[in-house]
Amino acid sequence: MTSEPTSRFPVGAAAAVADLEDDPHPLLARLRAAEPVSWLPALGGWLVTSRDLAQRVMRDAAAFTVDDPRFSTARVVGPSMLSLDGPVHNRHRDPFARPFRPARTRERFTAFVEAEVARLVGGLAPAGRAELRGELAGPLAVAVVAEALGLEGVDAATIRSWYGAFVEAVSAITAGGDAPARADEAYALLRAAVEKAITADAPGSLLAEAAADGAGLTTAEVAANAAILMFGGIDTTEGMIANTVLHLLGHPGQLRLVLDDPGLLPAAIEESLRLEPSASVVDRYATRDTDLGGVTVRAGDLVRVSIAGANRDPAVFPDPDRFDVRRANAGEHLAFAHGPHFCFGAHLARLEARTAVAALLELPGLRLDPSRTAGAHGLVFRKPPHLHVLWDR
């Protein structure tokens, strides 16, 4: 535990977990301006909010590691590519990352994503209203992960329930609590399904391919990484789609720019990722005493990187709280992390978001339901709990 006195960090000392769950951006702005590396007793660790220092922490795995028994995801599913560093990290990551290179992603998933979006949006269109997170963003993300993993005989609803249990557990641990028992139950079921998929060795099965790779991953290791793909492939992609729609519909002038020039849609998605990354924080642990932004971080200290804070750093993004689909450098956001743990599913997530949002924008008069409030919420995974929209039938 750090020996730094909390009196050095008055903004951080006064911060509560609730401040970071609802609308964290005012607090993050104060921290970034006064205490870019701040000790937050509420989190039991440091919070880094400036972009340059966030990049430094995520890039330097030797000084700031994920390989620590306190790492939340590892406490839920065991060691995986997300909670290991160095050669063992590469051993876990590479068999899963190779199939998600850009060309292979486009070749394997474009037709599937387009068909799934057409099915989902086509089913919603006659109603003139929908709750998009539950009826489009979530089901699409789950379907794509189910397709990618090739879990034979496991339906999308089951996969969604498993990942929901994992997200609940990680969020509880991050907030200082304990993981609910249902997370262990869900993981046991996932591992059994992974064993079945490996044995079946169906053509194109990502799990069977990873198990057969020369890296020599065990069944338990394949299962742990399958759970990690659920985090990256479901929760953050669902949030990415929901947040993009919320930002566009909440800013009619920016929406009009995209409707008039659909070529701006990819830029709008990047700007949404910058403004409200669906995964808002990542955790590291100091391996040695280190100076970080003029602060002495002690070996063993938790160092939490605020992606949300870094993405609104005015030193990089002028007028950072404004949603601007023409922002020239929106792509410099850190929503997919940075360094050795950069999200290799970014290309697939972008494909899903582009396809889904483009289809939605073809619905005439698409707008937020004025009778329902919508806003992003969450400490770790940020998205609107519900996103009700209307359109002209």
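Data block above holds the structure.
Description of the structure in this document. Note that the structure is a prediction, hence the values are computed from the model and not measured. (Residues numbered from 1 in each chain as written. Predicted model: local features only at pLDDT ≥ 70, side-chain atom pairs only at ≥ 80, totals over all residues. Heavy atoms only, no water.)

Section: the packing of helix α14 (residues 265-275) against helix α16 (residues 346-361)
Taken N-terminus to C-terminus, the directions of α14 and α16 make an angle of 115 degrees; their axes are 10 Å apart at the nearest point. Crossing of α14 over α16 shows right-handed handedness. In this structure, α14 contributes L265, P266, I269 and E270 to the contact, and α16 contributes R350, A353, R354, V357 and A358. Partitioning the contact of α14 with α16 into residue classes produces six nonpolar, no polar and three charged. (Axes fitted to C-alpha atoms, helices over the stretch in contact; angles between N-to-C directions. Helix = DSSP H or I, 4+ residues; strand = E, 2+ residues; numbered from the N terminus. Left-handed = near helix turned anticlockwise from the far one by under 90°. Contact = heavy atoms within 4.5 Å. Nonpolar A, V, L, I, M, F, W, Y, C, P; charged D, E, K, R; others polar.)

Comments concerning the side chain of H338
Looking at the element boundaries, H338 is found in the loop between α15 (307-310) and α16. In this structure the side chain of H338 is engaged in a polar contact, spanning 3.3 Å, whose partner is the side chain of R59. Once residues lying within four places of it in the same chain are set aside, the contact partners of H338 are Q55, M58 and R59. (Polar contact = N/O pair within 3.5 Å; in protein donor to acceptor, adjacent residues only side chain to side chain.)

Quick notes on helix α8 (residues 132-149)
Between its first and last C-alpha atoms α8 spans 24 Å; for 18 residues at 1.5 Å apiece the expected length is 26 Å, and the two agree. The axis of α8 is deflected most strongly, by about 30 degrees, at G138, and proline P139 appears within four residues downstream. Most of α8 sits out of view: 13 of its 18 residues are buried. Where α8 starts, the residue carrying a side-chain oxygen 3.0 Å from the main-chain nitrogen of R133 turns out to be E131. (Expected span 1.5 Å × (residues − 1). Bend = angle between axes of the 7 residues up to and from the residue. Buried < 20%, exposed > 50% of the residue type's maximum accessible area, 1.4 Å probe, protein only.)

Let's talk about the packing of helix α12 (residues 219-250) against helix α13 (residues 252-260)
In contact at an axis separation of 5 Å, α12 and α13 are set at 105 degrees when each is read in the N-to-C sense. The angle between α12 and α13 falls in the class roughly perpendicular. Between α12, through L248, L249 and G250, and α13, the contact on the second element is made entirely by P252, Q254, L255 and V258. Residue classes in the contact of α12 with α13 are distributed as five nonpolar, two polar and no charged. (Parallel < 35°, antiparallel > 145°, perpendicular 65-115°, else oblique.)

Here we look at the side chain of S72
Inspection of the secondary structure assignment puts S72 in helix α5 (residues 72-77). Dropping the residues within four chain positions of it, S72 is found in contact with V170, I173 and T174.

Structural notes on the packing of aromatic side chains
One pass over the full model with this rule turns up six aromatic pairs. Here F9 and W46 contribute two aromatic rings whose centre-to-centre distance is 5.3 Å and whose plane-to-plane angle is 90 degrees, an arrangement assigned as edge-to-face. Of this pair, F9 sits in the segment before α1 (10-14) while W46 sits in strand β2 (residues 45-48), and the two are 37 residues apart along the sequence. Their ring planes at 65 degrees and their centres at 6.3 Å tell us that F336 and F342 sit as a pair that is edge-to-face. A connected cluster of aromatic rings, assembled from ring pairs, spans F9, W39 and W46. A cation over a ring is seen here: R274 above F317, with NZ or CZ 5.3 Å from the ring centre. (Phe/Tyr/Trp six-rings, centres within 6.5 Å; stacked < 30°, edge-to-face > 60°. Lys NZ or Arg CZ within 6 Å of the ring centre and 35° of its normal.)

Some thoughts on the layout of surface pockets
In this structure, the largest pocket encloses a volume near 280 Å³. In this structure, the largest pocket is lined by 19 residues; those nearest its centre are L43, R75, I173, Y285 and L302. Residue assignment for the lining of the largest pocket shows that the elements contributing at least two residues are α5, α9 (156-174), β5 (281-286) and β8 (302-306). In terms of residue class, the lining of the largest pocket is built from eight nonpolar, six polar and five charged. Volume-wise, the second largest pocket comes out at about 230 Å³. (1 Å grid on protein atoms, 1.4 Å probe; cavity = no way out; pocket = protein on both sides within 12 Å on 5 of 7 lines; lining within 4 Å. Points joined across faces, edges and corners; volume = space filled by probe spheres on them.)

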